[in-house]
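Coordinate inspection notes
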Amino acid sequence: MRSSTIGWLLLAPTLFILFVFGVLPFIYVMVVAFTQWNSFAADPTMQFNGVENFRRLVFDAQFLKSLWVTLKFAVFAVTSQIILGYFLAQLFMRDFPGKGLFRTIHTLPLVVAPIAVGATWRLLVTPGLGPLPYLLRNWFGIDFNIGRYADHAFYTTVVMDIWHWTPLVTLTMLAALSSLPKEPFEQAQIDGANKFQVFWHVTLPMLKPAILATVFIRLMDALRTVDEVWMLTGGGPGAATRYIGLHIWRVVFPKTDYGYGGAMSVIVLYLTIVMCWLLYAGLVARRDLRRPE
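Residues numbered from 1 in each chain as written. Predicted model: local features only at pLDDT ≥ 70, side-chain atom pairs only at ≥ 80, totals over all residues. Heavy atoms only, no water.

**Topic: a nonpolar patch on the surface**
In plain terms, the rule: Like charges are joined within 9 Å and nonpolar side chains (Val, Leu, Ile, Met, Phe, Trp, Tyr) within 5 Å, but only among residues with over 30% relative accessible area and no salt bridge; these make up the patches. Using a 1.4 Å probe, the Shrake-Rupley method yields the accessible areas, and only the shown protein chains count as cover for residues. By salt bridge we mean one thing: a side-chain nitrogen of Lys or Arg within 4 Å of a carboxyl oxygen of Asp or Glu. In this description a helix means any DSSP run of H or I spanning at least four residues, a strand means any run of E spanning at least two, and both kinds are numbered starting from the N terminus. Type-normalised accessible area, obtained with a 1.4 Å probe on protein chains alone, sets the label of each residue: buried when under 20%, exposed when over 50%, and partly exposed for intermediate values.
A surface patch of nonpolar side chains, amounting to about 880 Å² of accessible area, comprises F19, V23, L24, F26, I27, Y28, V31, M46, L269 and I273. Looking at the nonpolar patch, the elements with two or more residues in it are α1 (2-33) and α12 (258-290). The topology assignment puts I273 in helix α12. For I273, a relative accessible area of 51% corresponds to the exposed category.

Pasting the structure below:
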């Protein structure tokens, strides 16, 4: 009984911080989402309007387009990071000259602030200033311009996100690979399994918890990306890279439509939870079904 009390006392500061900075803001946004509120309007009071804000979302073409572009960005970025992170982790499992230096350089993007990453990539891809448009034009004849071509802007944001966050995936995969027992691999070699069979039937099932946790973290981050893309493209050209975080920012701050912005935030949070739950159910429940009684 005494140890349980001491445990709760030790957890109390953390629980208090989570309640103040996590639960209370969420409740506040939920309340605002069911109101019509513009503090700069002629009538700045908060007026309850039921589910009107959520009804507007269903017919809001800009919101639906931003949501679709965000989902496409998340799929491209997270999938690429998982694949690259795994192969880089496998590389770091081996000894080669300059391994320590390469690992240090590879990890450096993690310590750079996202807004600085966006500003740096903006310098790299600006026509007439950055080296990337110059090299693509002179080597491959490609007129690279993120301010003119929507595809160029979109894939540049994907590559920027991959460059920034692949080291995190690599470190996670490296820790998981280092903790794997050697006996299953030795048994697979004795049974004559090839490299693909070892990967598919031994490595991948044991790495599934680490992969699942990494996908959760990166998926949630990708769905709420704002600062990097804002510095790189500003959401353009047009609305090609106006991801859902940028769209909510434009509704809440320039338009000061707090109720509608709160409703969009709640819907995005709900969709994120649903996607993570479906992913978890698809990976874990299927494994439980295959487990013998």
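**Comments concerning helix α11 (residues 244-252)**
Within α11, seven of the nine residues are buried, which leaves it mostly tucked inside the rest of the structure. For α11, every residue scored as buried is listed here: I244, G245, L246, H247, I248, V251 and V252.

**With respect to the pattern of salt bridges**
Counted under the stated rule, the structure contains seven salt bridges. Between E52 and R55 there is a salt bridge, and its shortest N-O distance comes to 2.8 Å. A residue pair is termed a helical-turn pair when its members lie 3 or 4 positions apart in one helix, as E52 and R55 do in helix α2 (residues 52-58) at three residues. A residue is classified by how much of its surface remains accessible, and E52, at 32% relative accessible area, is partly exposed. With a relative accessible area of 43%, R55 lands in the partly exposed category. R218 is the partner of D161 in a salt bridge, and the nearest nitrogen-oxygen pair spans 2.9 Å. A residue pair is termed long-range when its members are at least 10 positions apart, and D161 in helix α7 (residues 150-178) and R218 in helix α9 (residues 195-223) qualify at 57 residues. By relative accessible area, R218 is classed as buried at 1%.

**With respect to the nonpolar core**
Worth spelling out the cut-off: Here, the term nonpolar core denotes a set of buried Ala, Val, Leu, Ile, Met, Phe, Trp, Tyr and Cys residues that are joined through side-chain atoms within 4.5 Å.
One finds I82 and L207 to be the most contacted residues of the largest nonpolar core, which totals 30 residues. Residue assignment for this core shows that the elements contributing at least two residues are α3 (61-92), α7 and α9. The element contributing the most residues to this core is α9, with nine residues. Within the second largest apolar cluster, 14 residues are counted, among which are F63, V252, Y260 and A263.

**Brief notes about the environment of W68**
Following the sequence through the fold, W68 ends up in helix α3. Separated by 175 residues in sequence, W68 and Y243 place their C-alpha atoms 8.5 Å apart.

**Re the packing of aromatic side chains**
What counts, and what does not: Between the rings of Phe, Tyr and Trp (Trp by its six-membered ring), a pair exists once the centres lie within 6.5 Å; its type follows the angle of the planes, with under 30 degrees stacked, over 60 edge-to-face, and the other angles tilted. Whether a charge sits over a ring comes down to the Lys NZ or Arg CZ being within 6 Å of the ring centre and within 35 degrees of the ring normal.
Taken as a whole and assessed by the stated rule, the structure comprises 14 aromatic pairs. When the ring of F196 is compared with that of W200, the centres are 6.1 Å apart and the planes differ by 15 degrees; the resulting orientation is stacked. Of this pair, F196 and W200 both sit in helix α9, four residues apart, which is roughly one turn of that helix. On the accessibility criterion, F196 (56% relative accessible area) is exposed. Members of the aromatic cluster, each reached through a chain of ring pairs, are F76, F154 and Y155. For R56, the ring lying beneath its charged end belongs to Y260, and the centroid distance is 3.8 Å. If you follow R103 out to its NZ or CZ, it ends over the ring of F92, 6.0 Å from the centre.

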